[in-house]
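Topology and contacts: notes
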Amino acid sequence: MKLALIRIGFYAILFVVWYLIVKVGEIPNYILPAPIDVFESFYFGFLKGGYLIGIFSSLVRVLIGYFLALIIGVVTGILLARYYLLDITFGKSILALQSIPSVAWVPLALLWFGITDKAVIFIIILEAVLPVALSTKNAMKNIPLNLIRAAQTLGSKGLHLYQNVILKAMIPELVTGLRLSWAFAWRALIAGELFISGAGIGQTLELGRSLADMAQVISMITTIGVIGFLTENIFFGSIEKNVRLAWGLDAQK
Amino acid sequence: MDELSPKIEFKNVSKSFDHNSNAEKILEDISFDIYADEFVCILGPSGSGKSTVLGLIAGFIKATSGKISFNSKPIKRPDSSRTLVFQDYALFPWLNIIDNVGFGLTTKTKNKNEIRGKALEYLNLVGLSAYKDHSISQLSGGMKQRVAIARALCAEPEVLLLDEPFGALDQQTRENMQIEILRLWGKSKKTVVFVTHSVDEALKLADRIILIGGKPGKLLYNTNISISRPRDLKDSELNKIRSQIIDRLAQPEFSMGSGI
């Protein structure tokens, strides 16, 4: 309760200072709008549906890209864990790929796919596939040998062993990879959307820039932050926590 | 089954592991027999390859040379006729206690009620039925090892293999567990192969002690103990066996062959 009051107080002060800076400094609207202008932009954007359509199209894009990345990533990870030759060749270059920021792929994607959805989904897959592949590989390599041996002496083999032991033992590490991968996908989505046509958060943001509507720019940046925070920390965070609890990796309270 | 043919037979078994093109010899020319319903302790210092012996019997390690048979047939792969209890328990953390115990049965039947019923029976046997729905992380080391033993027995093996099962437990728990394993063995009448580095533990438990030592591990001694249980470690006969074991461990290269 006290914590909530402190937080509310903090934001109230922030908005007042923001308002005063704009008013006293006579800053033009296209450089920094007053808080009320941003609220207005939010209000009309959501009321008239423009923002909602943008958010919805973006979510569809990121989910398609993300799930394709998961499938490709898990398969790649399993192959890397099983085939040593693949790991020392392709496996090493994955680490280099991971240091390329998603925007660097934009020109390539645009030339291959044009200014379409496909280009964005391509960028998302490129970004999101790597953490999943790496965590799948590590999860598979880190399964305690004795767990597999115990299962084998209890009569488990083949599909039963994969379903009931290998896959289950991989889940905690895999979930961490899924979360990281989602964070990458979300960033790649926004980067890609700045350059394509069609509805989306990135395009709404870009439209704000071309119309010199800073209120729209700020409200879209805020939206990106809020959705990113909710999905990465609240949604994936709670899954991760529950899995760690169920697997006995964190002490029960 | 023929009473005279051994349950498990090792004939001139050697095992080497490859380490970066260097073959490291772990076991050399080991031969022994284990008979049905025997409680056998494989005794040896750390690094003597006694756990490798257990892995060979379980079937997840292959011998480099020699012959290992189970019920007169060569051992090819692990299966539930020989279950293993590990020092680090190796329980499945994502399953609760009763599902851990019933795991072996899930490979044989889909009937959930039957699995639960059997698992509860074995959980009862180790005195933990009250904890059936608890998670693994809520148990102490001794309780975890009881669950692991129940899990190994629930798969209804012919041979129970134990790899230094009480090595991670405190002294008091360890002694309780030794009494417990003898009680379970008496009740279920299985062949037990128990690996330990503690001479006293072996003297307390075993019908027969197979001593492995040296590098690579060789068979140093193979002796029956026909003293009734519970045993007093100060017993003069046990003292005699103990000093023979310690003699052989002190000078393995001179004692080769003498007591075998």
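Residues numbered from 1 in each chain as written. Chains lettered and ligands numbered in written order. Predicted model: local features only at pLDDT ≥ 70, side-chain atom pairs only at ≥ 80, totals over all residues. Heavy atoms only, no water.

What follows is about the nonpolar core. Residues and elements named next belong to chain B. Formed by 52 residues in total, the largest nonpolar core has its most connected members in Phe39 and Ile149. With eight residues, the single largest contributor to this core is helix H5 (residues 141-154). Each of two domains, domain 1 (34-64 + 74-81 + 157-260) and domain 2 (94-156), supplies a minimum of three residues to this core. Beyond its immediate chain neighbours, meaning those up to four positions away, Ile149 contacts Val85, Leu162, Phe166, Met177, Ile181 and Leu184. Grouped together as the second largest cluster of nonpolar side chains are 51 residues, Val13, Phe32, Ala155 and Ile210 included. (Core = buried A, V, L, I, M, F, W, Y, C linked by side-chain atoms within 4.5 Å. Buried < 20%, exposed > 50% of the residue type's maximum accessible area, 1.4 Å probe, protein only. Helix = DSSP H or I, 4+ residues; strand = E, 2+ residues; numbered from the N terminus. Domains from an automatic or database assignment. Contact = heavy atoms within 4.5 Å.)

Here the focus is the pairing of strand E6 (residues 82-85) of chain B. All names here are of chain B. Side chains Arg82 and Leu84 of E6 all project onto a buried face; the interleaved residues Thr83 and Val85 project onto the opposite face, where all are buried too. Two strands pair when backbone bridges link them, and E6 and strand E7 (residues 159-163) are joined in this way by four bridges, in the parallel orientation. Paired with Thr83 across the strands is Leu160, a residue of E7. (Pairing = 2+ DSSP bridges.)

This part is about the sheet that holds strand E5 (residues 73-74) of chain B. All names here are of chain B. Spatially, four strands are ordered E2-E1-E4-E5 in an open sheet, and the strand pairing comes out antiparallel. Looking at which strands have only one partner, the edges of the open sheet turn out to be strand E2 (22-34) and E5. Alignment of strand E4 (residues 65-70) against E5, held across two bridges, turns out to be antiparallel. Across the sheet, the residue bridging to Phe70 is Lys73, located in E5. Each of strand E1 (8-19), E2 and E4 touches helix H1 (residues 50-58); the most contacted strand, E1, lies at about 115 degrees to it. (Axes fitted to C-alpha atoms, helices over the stretch in contact; angles between N-to-C directions.)

This brings us to the pairing of strand E8 (residues 191-196) of chain B. Residues and elements named next belong to chain B. With respect to burial, E8 is a largely interior element, six of its six residues being buried. Of the two faces of E8, the one lined by Thr191, Val193 and Val195 and the one lined by Val192, Phe194 and Thr196 are each fully buried. Note that strand E3 (residues 39-43) and E8 share five bridges and pair parallel. Residue pairing in the sheet places Leu43 in a bridge with Thr196 of E8. Each parallel crossover has a hand, and for E7 linked through helix H6 (residues 171-188) to E8 it is right-handed. (Right-handed = clockwise from strand over helix to strand, strands pointing away.)

With 19 residues of chain A at the interface, the matching set in chain B holds 26 residues. Across the chain A to chain B interface the summed buried area is about 1,900 Å²; carbon plus sulfur atoms make up 68%. Considering only the side of chain A, the residues that lose the most area to chain B are A:Leu147, A:Thr153 and A:Leu154, jointly responsible for 35% of the buried surface there. Seen at the junction of chain A and chain B, the total is four residue pairs in polar contact (both at pLDDT 80 or more). (Buried area = accessible area lost by both parts, 1.4 Å probe. Polar contact = N/O pair within 3.5 Å; in protein donor to acceptor, adjacent residues only side chain to side chain.)

Turning to its location among the elements, A:Thr204 is positioned in helix H9 (residues 201-210). In this view, A:Thr204 contacts A:Tyr51, A:Gly54, A:Gln216 and A:Met220; residues no more than four positions away in its chain are not counted.

Let us now look at the domain arrangement of chain B. Residues and elements named next belong to chain B. The assigned domain composition of chain B is domain 1 (34-64 + 74-81 + 157-260) and domain 2 (94-156). One C-alpha centre belongs to domain 1, the other to domain 2, and the line joining them spans 26 Å. Taken together, the 17 residues of domain 1 in the interface contact twelve residues of domain 2. Around 1,200 Å² of area is buried between domain 1 and domain 2 when both sides are counted, 72% of it from carbon and sulfur atoms. On the domain 1 side of the interface with domain 2, the three residues burying the most area are Pro157, Met177 and Leu184, jointly 36% of the side's total. Our count for the contact surface shared by domain 1 and domain 2 stands at one salt bridge. Across the salt bridge formed by Glu180 and Arg146, the nearest N and O atoms sit 3.3 Å from each other. The interface formed by domain 1 and domain 2 holds four residue pairs in polar contact (both at pLDDT 80 or more) in total. (Salt bridge = Lys/Arg side-chain N within 4 Å of Asp/Glu carboxyl O.)

On to the packing of helix H7 (residues 145-153) of chain A against helix H8 (residues 158-193) of chain A, then. Residues and elements named next belong to chain A. The contact between H7 and H8 brings their axes to 10 Å, and the two run at 145 degrees. Taken as a pair, H7 and H8 cross one another with a handedness that is right-handed. Residue-level contacts link Leu147, Ile148, Ala151 and Gln152 of H7 to Leu161, Val165 and Ile166 of H8. A per-class count over the contact of H7 with H8 returns six nonpolar, one polar and no charged. (Left-handed = near helix turned anticlockwise from the far one by under 90°. Nonpolar A, V, L, I, M, F, W, Y, C, P; charged D, E, K, R; others polar.)

Residues and elements named next belong to chain B. Helix length check: H5, at 14 residues, gives a terminal C-alpha distance of 20 Å against a target of 20 Å (1.5 Å per residue), a fit within 8%. Along H5, eleven of the 14 residues are buried, which leaves the element largely enclosed by surrounding structure. Those residues of H5 that sit buried are Gly142, Met143, Gln145, Val147, Ala148, Ile149, Ala150, Arg151, Ala152, Leu153 and Cys154. Glu156, located one to two residues past H5, shows a positive phi value of around 55 degrees. (Expected span 1.5 Å × (residues − 1).)

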